[in-house]
Every structure is written in C-alpha cells, then in structure tokens.
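Spelled out from the first residue to the last, the chains are:
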Amino acid sequence: MSEEMSERRATGAPGPPPDGGPPFAECVLCREPTEYPESYKGITLCPVCEWREAERTACSG
C-alpha cells in the first residue's frame, strides 16, 4: 500500500477519482472511491468492502 493511500485511510479523507473519468461516489464504509458514478442511487461500496460484505452475508454451511 502506498504511503499516500495509508495516510488517506488514517485521516478518513477521500482520495481523488481513479484515473480520470467521471467523479466516482465514495464508499459508505471506508470513503474510498468506488466503481459507481456520483449519480448512482443507493448504497455504494468499494470493491474491497463489497467483497467483505459478500463474505459476511454468505451462507456458511
């Protein structure tokens, strides 16, 4: 993890949108940029939080 990214996580400040494109919505859990545009309606999660949420809610059996 880059020093800048770890500093952003420590301060909770959102980072810049990834490599151009439209402004991306921030994750509702960690505030990192997501793959969704800001205009997306509903809960937005970054890929990492999306994966963790899927693990948490998966059926264990």
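This text follows the structure it describes.
Remember, it's a predicted structure, so these values are computed and weren't measured experimentally.

The rules we used
- Residues numbered from 1 in each chain as written.
- Predicted model: local features only at pLDDT ≥ 70, side-chain atom pairs only at ≥ 80, totals over all residues.
- Heavy atoms only, no water.
- Salt bridge = Lys/Arg side-chain N within 4 Å of Asp/Glu carboxyl O.
- Helix = DSSP H or I, 4+ residues; strand = E, 2+ residues; numbered from the N terminus.
- Buried < 20%, exposed > 50% of the residue type's maximum accessible area, 1.4 Å probe, protein only.

Opposite charge on two side chains permits them to pair, given that their charged atoms come into close proximity. Under the counting rule described, the total for this entry stands at two salt bridges. Arg31 is paired through a salt bridge with Glu26; the nearest N and O atoms lie 3.2 Å apart. Across the salt bridge formed by Arg56 and Glu53, the nearest N and O atoms sit 2.8 Å from each other. Placement of the pair is Arg56 and Glu53 together in helix 2 (residues 47-57), with a separation of three residues, close to one helical turn.

At Arg31, a residue that is not glycine, the phi angle is positive and equals roughly 70°. As for its position among the elements, Arg31 is in the loop between strand 1 (24-26) and strand 2 (33-37). Classification of Arg31 as partly exposed rests on a relative accessible area of 38%.

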